[in-house]
Amino acid sequence: MSPRKSVQQELTREMIMDAANDLFVTKGYQHVSMRQIAKELDYSHGAIYYHFKNKAELFYALVEKHFHMLDEVLEDIMAKDLHPLEKLHAVLVGFMEFGLTHQSHYEIMFLTKDEEVRNFINQGPNTSYEKFAQSVFSLSNKKLTLQEIWLIFLSLHGFVTHYSRHISSFDEVKDLAVSHANFLLK
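These remarks concern the structure in this document.

Conventions we followed
- Residues numbered from 1 in each chain as written.
- Predicted model: local features only at pLDDT ≥ 70, side-chain atom pairs only at ≥ 80, totals over all residues.
- Heavy atoms only, no water.
- 1 Å grid on protein atoms, 1.4 Å probe; cavity = no way out; pocket = protein on both sides within 12 Å on 5 of 7 lines; lining within 4 Å.
- Points joined across faces, edges and corners; volume = space filled by probe spheres on them.
- Helix = DSSP H or I, 4+ residues; strand = E, 2+ residues; numbered from the N terminus.
- Nonpolar A, V, L, I, M, F, W, Y, C, P; charged D, E, K, R; others polar.
- Phe/Tyr/Trp six-rings, centres within 6.5 Å; stacked < 30°, edge-to-face > 60°.
- Buried < 20%, exposed > 50% of the residue type's maximum accessible area, 1.4 Å probe, protein only.
- Lys NZ or Arg CZ within 6 Å of the ring centre and 35° of its normal.
- Salt bridge = Lys/Arg side-chain N within 4 Å of Asp/Glu carboxyl O.

Side note on empty space enclosed by the protein
Part 1 of the argument: For the coordinates displayed, the defined rule picks out one cavity of 30 Å³ or more.
Part 2 of the argument: Each pocket or cavity is described by its volume, and for the largest cavity that value is around 120 Å³.
Part 3 of the argument: Sorting the residues of the lining of the largest cavity by element identifies helix 4 (55–78), helix 5 (84–101) and helix 8 (123–139) as the ones contributing at least two each.
Part 4 of the argument: The element best represented in the lining of the largest cavity is helix 4, accounting for six residues.
Part 5 of the argument: In terms of residue class, the lining of the largest cavity is built from twelve nonpolar, two polar and one charged.

Rendered as structure tokens:
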């Protein structure tokens, strides 16, 4: 066993979550172990268990952090002093920008297929979608139905999912994202 790390290199939850995020994206949830995460960080697996009782808890903390980031994007846009239609446009573009700027986060948040994990993280997507839906509903002067809001969300999700396979940054498709938001507002 290697000697204890110096205090300057003390293992943190953030360090663990960053390493786990990368491994979950590249290998998939089922193919990552706590030992692999510890090895990636050059720590003992016991050090990881000090912060997280198991892989599911670690994954849940990671997903919650990502949904919190998405919620902050929405809250920041909603706090701006803009005309409701401009604000709605900013919400739509902001969602696409988040997804394409944080592609690995987005993949873990919305595209994880593992059933064990899906059951574990259902609350995060529901809460974020509810905030999104309430914002879109209020900014549309309460003219949109829940079904229409869901279809807007699916359209944004499709845009992000499609382009996340082909681009490395949001700037590459920013004009398309703005055009897509304009189309949805019609």
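And the narrative resumes.
A short note on the packing of aromatic side chains
Part 1 of the argument: As enumerated under the stated definition, the model contains twelve aromatic pairs in all.
Part 2 of the argument: Between F132 and F153, the ring centres sit 5.8 Å apart and the planes meet at 65 degrees, which makes this aromatic pair edge-to-face. On the criterion of sequence distance, the pair formed by F132 in helix 8 and F153 in helix 9 (residues 146–164) is long-range, its members being 21 residues apart.
Part 3 of the argument: F132 sits in the buried class, given a relative accessible area of 5%.
Part 4 of the argument: What makes F153 buried here is its relative accessible area of 7%.
Part 5 of the argument: For the pair W150 and F153, a centre-to-centre distance of 5.4 Å together with 20 degrees between the ring planes defines the contact as stacked. Taken together, the positions of W150 and F153, both in helix 9 and three residues apart, correspond to about one turn of that helix.
Part 6 of the argument: Through a chain of ring-to-ring contacts, three or more aromatic side chains come together here, namely F95, Y106, Y129, F132, W150 and F153.
Part 7 of the argument: Lying over the aromatic face of Y29, K55 brings its terminal NZ or CZ to 4.2 Å of the ring centre.

Details of the pattern of salt bridges
Part 1 of the argument: With the rule as written, the count across this model stands at four salt bridges.
Part 2 of the argument: Residues K65 and D18 are paired through a salt bridge, measuring 4.0 Å at the closest nitrogen-oxygen approach. Taken together, the residues span a long stretch of sequence, with K65 in helix 4 and D18 in helix 1 (residues 13–27) at a distance of 47 residues.
Part 3 of the argument: Judged by its relative accessible area of 43%, D18 falls in the partly exposed class.
Part 4 of the argument: Sharing partners across several salt bridges, the network here consists of E14, D18 and K65.

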